[in-house]
Structures are given as C-alpha cells and as structure tokens.
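A closer look at the structure
Here is how the chains run, residue by residue.
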Amino acid sequence: MAVEKFTVEASHIMMFARSVGDDNPIYYDEEHAKGTEPGSIIAPPTFAQASAQFDPNYGLRPKVGGDGWFGSGGKLSGAKPREGGGGGGGSGGGGGLHAEQRFIYHRHLKPGDVLSATTKPGKSWEKQGRRSGKLVFSETVTEYRDQNDELVITAIGVGVRTERPVDQG
C-alpha cells in the first residue's frame, strides 16, 4: 500500500460490513456498540484491506481518463495485473496468484483512527509441484500504524509463482 494516510470513518466501516454481508450492529450502531466489550463501533476483520481504495497506484484499480471507466460499457477498465504476480516471488514462465492472507490484530480498529502502512518482504520458501515445477512462495508484510504510531494490524499476504505453466494433462 503506497497511500500515505487512511482515515477510518464510521460510514466506511458500515459499507464494508454490508459489502461482505455482515449485519452485526457493532459495525454501525453506536448505541449498541457502547454496550459491548470494545465500547464503540469497530471495524470488521479484513477491513484494513479497504485502504487499497485510497491508493492511487493500486494495480487493480481502473484508471480514470479518456479510455473510459470500468463498467462504462466502453473500453476495458485499464486495470493491469500487479508486477510480480500480486506478491508472488520467483521467476520463469509460470503464473502467480494470491495464496493466503492473515491479519494479526493488536487492538480493534475504530472510527477516527488514521492509519499509515509500511510494507516489506517477509519469508520466502520453495516446494516442488508435480505439474508446475518449482513453486516459489513469498510473504508480503504490511504493518498498519495509527495516528500515535502504535501498531494496530499486521497483514501478511502470501503469493505463489510457478516455474512453468501447469500441465493440462
């Protein structure tokens, strides 16, 4: 994530919860949330991933411009696959994919938090695939810190690249 700051707003939390089909009132009803252990509205799990929508360089966002906008019925959106297959490491003629996502919560994320993120490489390892040759796994670790520079969430994504395209037989 290259966005410098990401302000967590109650309306963003509510819309995110609705988009994933979670109607728990702790995500939108302030009066209900006051009576819970956190004592206020909190963000649902995986909410930090929504910060990508505020990153103008996010590889999966469509580009605004003369070529049309995603869903306009005109031309393609302009969204391009990320360099390196979305976090996968390795090289060769195969493909890359997102294999896993983990979130470690150090505290609840709440409206009013202003997050900044730092992304760095994590561990990498290899396994031998039967149909694709070598599989190269690599982690990307993103630390989300609040306005007080306190660690709130650690997100760990795992990408995998194959050495060659998977045999179809």
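The sections below set out a description of the structure shown in this document. (Residues numbered from 1 in each chain as written. Predicted model: local features only at pLDDT ≥ 70, side-chain atom pairs only at ≥ 80, totals over all residues. Heavy atoms only, no water.)

Details of the pairing of strand 4 (residues 133-145)
Heads up, the rule is: Relative accessibility decides the category of a residue: with a 1.4 Å probe and only protein chains considered, values under 20% of the type maximum give buried, values over 50% give exposed, and everything between is partly exposed. Secondary structure counts use DSSP, requiring at least four H or I residues in a row for a helix and at least two E residues in a row for a strand, with both numbered from the N terminus. The pairing criterion for strands is at least two bridges between them, as found by DSSP.
Extensive coverage of strand 4 is indicated by the burial of 10 of its 13 residues. Relative to strand 4, strand 3 (residues 114-129) is paired through 12 bridges, and the arrangement is antiparallel. Residue pairing in the sheet places Gly-129 in a bridge with Gly-133 of strand 4. Between strand 3 and strand 4, which pair antiparallel in sequence order, lie three residues. Pairing of strand 4 with strand 5 (residues 151-162), which is carried by 11 bridges, proceeds in the antiparallel orientation. Looking across to strand 5, one finds that Glu-139 is bridged to Val-158. The turn linking strand 4 back onto strand 5 is made up of five residues, and Asp-149 within it adopts a positive phi angle of 65°.

Remarks on the sheet that holds strand 5
Spatial ordering of the open sheet is given by 1-3-4-5-2, a layout of five strands whose pairing is antiparallel. Edge strands, defined here as strands with exactly one partner in the open sheet, are strand 1 (6-7) and strand 2 (96-105).

What about the side chain of Asp-146?
For clarity, the cut-off: Here a polar contact is recorded for every N or O atom pair within 3.5 Å, except that within protein the pair must consist of a potential hydrogen donor and a potential acceptor, and residues adjacent in sequence are included only if both atoms are side-chain atoms.
Of note, Asp-146 is situated in the loop between strand 4 and strand 5. For Asp-146, a relative accessible area of 5% puts it in the buried group. A distance of 2.8 Å separates polar atoms of two side chains, one belonging to Asp-146 and the other to Arg-107. Polar contacts involving the side chain of Asp-146 include one to the main-chain amide nitrogen of Asn-148, which spans 2.8 Å.

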